Amino acid sequence: MSDSGFRAGDVELVRAALRVAAEAPSTGDVPIGAVVVDQDGRVLAQAHNQREALHDPTAHAEILALRAAAAVHGDGWRLEGCTLAVTVEPCTMCAGALVLARVARVVFGVWEPRTGAVGSLWDVVRDRRLNHRPEVVGGVLADDCAAVLEEFFATHRSDIDR
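- As recorded in an unreviewed UniProt entry, the chain goes by tRNA-specific adenosine deaminase and comes from Saccharopolyspora oryzae.
- According to the UniProt record, the Sequence similarities (unreviewed entry) comment for the chain is "Belongs to the cytidine and deoxycytidylate deaminase family. ADAT2 subfamily."
- For the chain, the Subunit (unreviewed entry) comment in UniProt is given as "Homodimer."

Some details on the pattern of salt bridges
Next up, step 1: Across all of its chains, the model carries nine salt bridges by this definition.
Next up, step 2: Between Arg 7 and Glu 135 there is a salt bridge, with the nearest N and O atoms lying 2.9 Å from each other. Separated by 128 residues along the polypeptide, Arg 7 in the segment before α1 (10-23) and Glu 135 in strand β5 (residues 135-137) bring together distant segments of the chain.
Next up, step 3: Residue Asp 10 is joined to Arg 105 by a salt bridge in which the shortest nitrogen-to-oxygen separation is 3.0 Å. Within this pair, whereas Asp 10 is found in helix α1, its partner Arg 105 is found in strand β4 (residues 105-110), the two being separated by 95 residues in sequence.
Next up, step 4: For Asp 10, a relative accessible area of 1% puts it in the buried group.
Next up, step 5: Taken together, the salt bridges that share partners define one network made up of Arg 7, Asp 10, Arg 105 and Glu 135.

Quick word on the packing of aromatic side chains
Next up, step 1: Following the criterion strictly, the structure yields two aromatic pairs and no others.
Next up, step 2: Where Phe 108 meets Trp 111, the ring centres are 4.7 Å apart and the plane angle is 85°; that geometry is what we call edge-to-face.
Next up, step 3: By relative accessible area, Phe 108 is classed as buried at 0%.
Next up, step 4: Both rings, one in Phe 152 and one in Phe 153, keep their centres 5.0 Å apart while their planes meet at 80°; by these two values the pair is edge-to-face.
Next up, step 5: Here Phe 153 falls in the partly exposed class, since its relative accessible area comes to 27%.

Side note on the pairing of strand β3 (residues 83-88)
Next up, step 1: Among the six residues that make up β3, six are buried, leaving the element largely enclosed by the rest of the structure.
Next up, step 2: As paired strands, strand β1 (residues 33-37) and β3 are joined by four bridges and run antiparallel to one another. Note on β3: the bridge partner recorded for Val 36 is Leu 84.
Next up, step 3: One ladder, built from five bridges, connects β3 with β4; its direction is parallel. Opposite Val 86, over in β4, you have Phe 108 as the bridge partner.
Next up, step 4: This β-α-β element, β3 to helix α4 (residues 92-100) to β4, shows right-handed connectivity.

Describing the packing of helix α3 (residues 61-73) against α4
Next up, step 1: Here α3 crosses α4 at 20°, and the two axes come no closer than 9 Å. If you check the angle between α3 and α4, you find them roughly parallel. Here α3 and α4 pass one another in a crossing that is left-handed. Counted together, Glu 62, Ile 63 and Leu 66 of α3 and Met 93, Cys 94, Ala 97 and Leu 98 of α4 form the full contact between these two elements.
Next up, step 2: Grouping the constituent residues of the contact of α3 with α4 by class yields six nonpolar, no polar and one charged.

Some remarks on the UniProt feature "active site" (unreviewed entry) in the chain
Next up, step 1: What UniProt calls "active site" (unreviewed entry) maps, in this numbering, to Glu 62.
Next up, step 2: Note that Glu 62 resides in helix α3.
Next up, step 3: Overall, Glu 62 belongs to the buried group, its relative accessible area being 4%.

Calculation rules
Residues numbered from 1 in each chain as written. Predicted model: local features only at pLDDT ≥ 70, side-chain atom pairs only at ≥ 80, totals over all residues. Heavy atoms only, no water. UniProt positions renumbered as here; feature names shortened; annotations may be inferred. Salt bridge = Lys/Arg side-chain N within 4 Å of Asp/Glu carboxyl O. Helix = DSSP H or I, 4+ residues; strand = E, 2+ residues; numbered from the N terminus. Buried < 20%, exposed > 50% of the residue type's maximum accessible area, 1.4 Å probe, protein only. Phe/Tyr/Trp six-rings, centres within 6.5 Å; stacked < 30°, edge-to-face > 60°. Pairing = 2+ DSSP bridges. Right-handed = clockwise from strand over helix to strand, strands pointing away. Axes fitted to C-alpha atoms, helices over the stretch in contact; angles between N-to-C directions. Parallel < 35°, antiparallel > 145°, perpendicular 65-115°, else oblique. Left-handed = near helix turned anticlockwise from the far one by under 90°. Contact = heavy atoms within 4.5 Å. Nonpolar A, V, L, I, M, F, W, Y, C, P; charged D, E, K, R; others polar.

Here you go:
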């Protein structure tokens, strides 16, 4: 489902997103991390999910990272030439946001068959009707990214069952 193979640095980008997810405070948020880098590989922003912490349904890691990156990138809201790396395939909201931000590439870890919108359930980013279609690279460190989610949900579900 990827447009191309991994590039040099893609694994390290997803590793950085994994670190962001792992270092997030325990707020009940699903541990998803995102990193935005410019075309030279300079980190512009990083974020983790904060829906529970901020009581904000739009506070996904990708959205927070895109907002922060746009504030420092220097081209208004446009993130042309930038790469968004995230631990999990983006949902429809996040996929739409990265298209609108003109992100050049999205690189992610684990595919999300229930809500994924860059190739699994939907393919928002490659819809021919859109005027911008980023390159997609999925499955980078997929097992590592899946393990973080599995651990979270195993713990979260056992807390609910008590």
